[in-house]
Amino acid sequence: MSTEKGVVQNIKAPTGTDLQCKGWHQEAALRMLMNNLDPEVAEKPDELIVYGGGGKAARNWESYHKIVETLKRLENDETLLVQSGKPVGVFRTYEEAPRVLIANAHLVPKWANWDEFRRLDKMGLTMYGQMTAGSWIYIGTQGILQGTYETFAECARQKFEGTLQGQLVVTAGLGGMGGAQPLAATMNGASFIGIEVDEGRIDRRVETGYCDIKCTNLDEAIEKALDAKEKGEALSIGLLGNVAEVLPKMLEKDVIPDVLTDQTSAHDLQLGYIPAGMSVEEAAEERELNPEMYQDAALDSMVTHVETMLKMQEKGAVTFDYGNNIRGQVADHRGMEEAFNFPGFVPAFVRPLFCKGSGPFRWAALSGNPNDIYKTDQAVLDTFPEKESLNRWIRKAQDQVQFQGLPSRICWLEYGERAEMGAKFNWLVKKGKVDAPLVIGRDHLDTGSVASPNRETEDMKDGSDAIADWPLLNAMLNTASGASWVSLHHGGGVGIGYSIHAGMVCVADGTEMADERLERVLTNDPGSGVMRHADAGYDEAVRTAKERGVDLPMVE
Ligand code: NAD
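Residues numbered from 1 in each chain as written. Predicted model: local features only at pLDDT ≥ 70, side-chain atom pairs only at ≥ 80, totals over all residues. Heavy atoms only, no water.

- Labelled according to an unreviewed UniProt entry, the protein appears under the name Urocanate hydratase, originating from Fodinibius salipaludis.
- UniProt annotates the protein under Pathway (unreviewed entry) with the comment "Amino-acid degradation; L-histidine degradation into L-glutamate; N-formimidoyl-L-glutamate from L-histidine: step 2/3."
- What UniProt states about the protein under its Function (unreviewed entry) heading is, verbatim, "Catalyzes the conversion of urocanate to 4-imidazolone-5-propionate." (UniProt positions renumbered as here; feature names shortened; annotations may be inferred.)

**Considerations on a nonpolar patch on the surface**
Then comes step 1: Together, Leu472, Leu473 and Met476 make up a nonpolar patch on the protein surface, roughly 280 Å² of accessible area in all.
Then comes step 2: Of note, leucine 473 is situated in helix H16 (residues 469–481). (Patch = residues over 30% accessible without salt bridge, like charges linked within 9 Å, V, L, I, M, F, W, Y side chains within 5 Å. Areas by Shrake-Rupley, 256 points an atom, 1.4 Å probe, with all protein chains shown as cover. Salt bridge = Lys/Arg side-chain N within 4 Å of Asp/Glu carboxyl O. Helix = DSSP H or I, 4+ residues; strand = E, 2+ residues; numbered from the N terminus.)

**Some points on helix H7 (residues 218–231)**
Then comes step 1: With 14 residues, H7 extends 20 Å from end C-alpha to end C-alpha; this agrees with the ideal 20 Å at 1.5 Å per step.
Then comes step 2: Three or more residues of H7 are buried, namely Leu218, Ala221, Ile222, Ala225 and Ala228. What you see down the axis of H7 is that its buried residues fit within an arc of 135 degrees, all on one side. Turned more than 90 degrees away from the buried face of H7 sit Glu223, Glu230 and Lys231, all of them exposed.
Then comes step 3: Tucked inside the fold, the buried residues of H7 contact strand E6 (168–172), strand E7 (191–196), strand E8 (213–215), strand E9 (235–240) and helix H8 (243–252).
Then comes step 4: The N-cap residue of H7 is asparagine 217: its side-chain oxygen and the backbone nitrogen of aspartate 219 are 2.9 Å apart.
Then comes step 5: Phi turns positive one or two residues past the end of H7, at glycine 232, with a value near 70 degrees. (Expected span 1.5 Å × (residues − 1). Buried < 20%, exposed > 50% of the residue type's maximum accessible area, 1.4 Å probe, protein only. Arc of directions from axis to C-beta. Contact = heavy atoms within 4.5 Å. Polar contact = N/O pair within 3.5 Å; in protein donor to acceptor, adjacent residues only side chain to side chain.)

**Structural notes on the environment of tryptophan 114**
Then comes step 1: Checked against the element boundaries, tryptophan 114 lands in helix H3 (residues 114–122).
Then comes step 2: Note on tryptophan 114: relative accessible area 10%, which makes it buried.
Then comes step 3: Dropping the residues within four chain positions of it, tryptophan 114 is found in contact with Tyr128, His267, Asp268, Gly495 and Ile496.

**Details of the sheet that holds E9**
Then comes step 1: Strand order across the open sheet formed by six strands is E8-E9-E7-E6-E10-E11, with parallel pairing between neighbours. For this open sheet the edge positions go to E8 and strand E11 (318–319), each flanked by a neighbour on one side alone.
Then comes step 2: Along the sheet, H8 makes contact with E6, E7, E9 and strand E10 (259–260), crossing E7 at roughly 140 degrees. (Pairing = 2+ DSSP bridges. Axes fitted to C-alpha atoms, helices over the stretch in contact; angles between N-to-C directions.)

**Focus on the packing of aromatic side chains**
Then comes step 1: Considering all chains together, one arrives at 15 aromatic pairs under this definition.
Then comes step 2: Ring geometry for tryptophan 114 against phenylalanine 117: centres 5.7 Å apart, planes inclined by 85 degrees, an arrangement best described as edge-to-face. Taken as a pair, tryptophan 114 and phenylalanine 117 lie in helix H3 at a separation of three residues, close to a single helical turn. In this structure, tryptophan 114 and phenylalanine 117 share a single accessibility class: buried.
Then comes step 3: Taken together, a centroid distance of 4.6 Å and an interplanar angle of 50 degrees make the contact between tyrosine 322 and phenylalanine 345 tilted. (Phe/Tyr/Trp six-rings, centres within 6.5 Å; stacked < 30°, edge-to-face > 60°.)

**Digging into the UniProt feature "domain: Urocanase N-terminal" (unreviewed entry) in the protein**
Then comes step 1: Here, UniProt's "domain: Urocanase N-terminal" (unreviewed entry) annotation points to residues 11–137.
Then comes step 2: As a span, residues 11–137 carries 28% helix and 18% strand, and end to end its C-alpha atoms are 16 Å apart.

**Quick word on the nonpolar core**
Then comes step 1: Within the largest apolar cluster, 110 residues are counted, with the highest numbers of intra-cluster contacts made by Met32, Tyr64, Leu71, Trp136, Phe425 and Trp485.
Then comes step 2: Looking at this core, the element that brings in the most residues is helix H1 (residues 24–36), giving seven residues.
Then comes step 3: Those residues in contact with tryptophan 136, other than ones at most four positions away along the chain, are Ala29, Met32, Leu33, Asn36, Ala57, Ile67, Leu71, Val82, Val100, Ile102 and Trp485.
Then comes step 4: Membership of the second largest hydrophobic core comes to 39 residues, among which are Ala225, Val243, Ala298 and Leu310. (Core = buried A, V, L, I, M, F, W, Y, C linked by side-chain atoms within 4.5 Å.)

**Here we look at the UniProt feature "domain: Urocanase C-terminal" (unreviewed entry) in the protein**
Then comes step 1: When the UniProt feature table is mapped onto this chain, "domain: Urocanase C-terminal" (unreviewed entry) is found at residues 352–546.
Then comes step 2: Structurally, residues 352–546 is divided into 46% helix and 18% strand, and its ends, taken at the C-alpha atoms, are 16 Å apart.

**With respect to the packing of helix H10 (residues 291–314) against helix H11 (residues 326–334)**
Then comes step 1: At a closest axis distance of 10 Å, the pairing of H10 and H11 adopts a crossing angle of 115 degrees. As H10 runs across H11, the sense of the crossing is left-handed. Between H10 and H11, the contacting residues are Asp296, Leu299, Asp300, Met302, Val303, His305 and Val306 on the first element and Ile326, Gln329, Val330, His333 and Arg334 on the second.
Then comes step 2: Looking at side-chain class alone, the contact of H10 with H11 contains six nonpolar, three polar and three charged residues. (Left-handed = near helix turned anticlockwise from the far one by under 90°. Nonpolar A, V, L, I, M, F, W, Y, C, P; charged D, E, K, R; others polar.)

**Brief notes about unusual backbone geometry**
Then comes step 1: Although it is not a glycine, tryptophan 136 sits at a positive phi angle of roughly 60 degrees.
Then comes step 2: Assignment of secondary structure puts tryptophan 136 in the loop between H3 and helix H4 (142–159).
Then comes step 3: A positive phi is found at aspartate 254, a non-glycine position, where the angle reads about 60 degrees.
Then comes step 4: Note that aspartate 254 resides in the loop between H8 and E10.

**Comments concerning the side chain of threonine 376**
Then comes step 1: Here threonine 376 is to be found in helix H13 (residues 370–383).
Then comes step 2: With sequence-adjacent residues up to four places away left out, threonine 376 is seen in contact with Trp363, Phe425, Leu428 and Leu438.

**Considering the site of the ligand**
Then comes step 1: The local shell around the ligand holds 33 residues, among which Gly53, Glu196, His267, Tyr322 and Gly493 are the closest.
Then comes step 2: Between the ligand and glutamine 130, the relevant distance is 3.2 Å, taken from an oxygen atom to a side-chain nitrogen or oxygen of the residue.
Then comes step 3: Burial of the ligand by the surrounding chains reaches 97%, relative to a free accessible area of 860 Å².
Then comes step 4: Broken down by class, the residue content of the shell around the ligand amounts to 11 nonpolar, 17 polar and five charged. (Near = heavy atom within 4 Å.)

**Some words on the pairing of E9**
Then comes step 1: E9 sits mainly inside the fold: five of its six residues count as buried.
Then comes step 2: Inspection of the sheet shows E7 paired to E9 by six bridges, in the parallel sense. When the bridges of E9 are listed, glycine 194 appears paired with glycine 238.
Then comes step 3: Both E8 and E9 contribute to a ladder of three bridges, which runs parallel. Bridging from a neighbouring strand, lysine 214 pairs with glycine 238 of E9.
Then comes step 4: For the crossover from E8 across H7 to E9, the handedness is right-handed. (Right-handed = clockwise from strand over helix to strand, strands pointing away.)

**Let's talk about the state of the cysteines**
By definition, a disulfide links the sulfur atoms of two cysteines through a covalent bond.
Then comes step 1: If you walk through the whole model with that rule in mind, you get zero disulfides.
Then comes step 2: In this structure cysteine 155 is not part of a disulfide, and its nearest cysteine sulfur, from cysteine 211, lies 19 Å away.
Then comes step 3: Residue cysteine 155 is classed as buried on the basis of its relative accessible area, which comes to 0%.
Then comes step 4: With no disulfide of its own, cysteine 215 has cysteine 211 as its nearest cysteine by sulfur position, at a separation of 9.2 Å.
Then comes step 5: Of the residues examined, cysteine 215 reaches a relative accessible area of 2% and is grouped as buried. (Disulfide = S-S within 2.5 Å.)

Next comes the structure, spelled out in structure tokens:
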């Protein structure tokens, strides 16, 4: 592995049972950090960028190597503090405390905007951690696949009698997370076009089985997609082009999608959205040379893009924002408030799941052995045989998802279910049914750990969208409960100024102490989601709290 800046890195997480660190909790943090930067996993590993525009795992290469060195020497009663991707201190704590605590990209609210962030970033003082990039629990595109699959499935249930078969889904952005859309759409039976400006990204999705074919010509893509729609066939097409140019052309041709969304990295006006008329290379040059002009051009294109989405919505397309803040960008910078005429995906499709403490539970096999994941899959199937959609998901994932980096899995589980699975996974490790410990975490697209008014907390029943006490409480609770590492981020998903959110990871190393830590963390973490939604007045959350015994003093 090279360590020089600008030289291609080739980081791979160690596998197997030989420890490089003094305990499994530190070892897991080390392996997951490295896994985040594995070229099979990360979108731009040379720049330490994992996914989501500029979402990084460490501030710079010097910090990365120092984190690795420090984790290797970290004692079992010490905690490493990481400030925006830089290891800044080691303190004596106690064995059941987290081994790592991470805070990424926080700014005092009055200064919490992209300009100030970029100024400080240029000075080397901060880092954008996105969600799972800077909290070291990204597992590749699979990480969002089930969420996207469930979102499309809920859209199908609400609008198309339960299936997307015979429907055309159109979106843009086939990056780290957006790349899950084609497979999630075809898993739901749809015909799909994903407009992507970077040909390499399309090739990557086709190579890894997330997307069926690439097209470089709009008419050819439309013909193939409409043919598949007509025949009720599932087909995903990665179409090379800029969405701000291609979508208006589709409108001109009166090709109106049945479902319309977007996952370009619109949250980041510099790194995330390529303006119309620019190649990827030209965009890289322009944003360096003329950042203000570049930002203006990106906004012009976003206005065209959102206007077209609104027109298509009027013509019947089921249209929603897919968590990239494109509505917020054109509303805040161009006064285009009508962007909010289409909803965000959380109020439209996901909130009922959040009310039950359901969220994206994920795990990775530190052994590196894919069979370990198949054994955990079986454990999930055996534990919840009655959950039909979960069973279908696990089987589809086994068939259709290629692992990236360490073998891993994700599935949405509710309050109570996550703790039950944690105990089973720890038993698998204890009994030697799997080759090495398992690491269990979650995304920050989650029930109790996020304040994000244009996404997870959009349109809360009690109007509490922007209240950010909840993710702070979640992070403190997970720390007190004994997670292996806990992180608190600013700006993930939707950009600086728009969100505060927390992450946690807990290791199942087969010990009794892990039994206790997992029970606490995997109960309390989703419990905080039930609490947050019950407090906001959602009946489903109040019912869940009552039925499952979540102690909420102010909720009747
Ligand atoms: P990414 O940066 O890896 O990918 C974005 C992709 O969009 C890139 O491939 C880029 O080439 C493409 N793109 C940019 N401008 C374009 C244009 N004008 N036309 C066509 N393609 C263009 O980001 P990601 O990890 O895929 O995340 C995408 C967005 O979705 C981010 O804003 C992220 O915060 C958000 N997100 C949503 C969810 C969710 O569940 N809804 C989860 C994670 C991230």
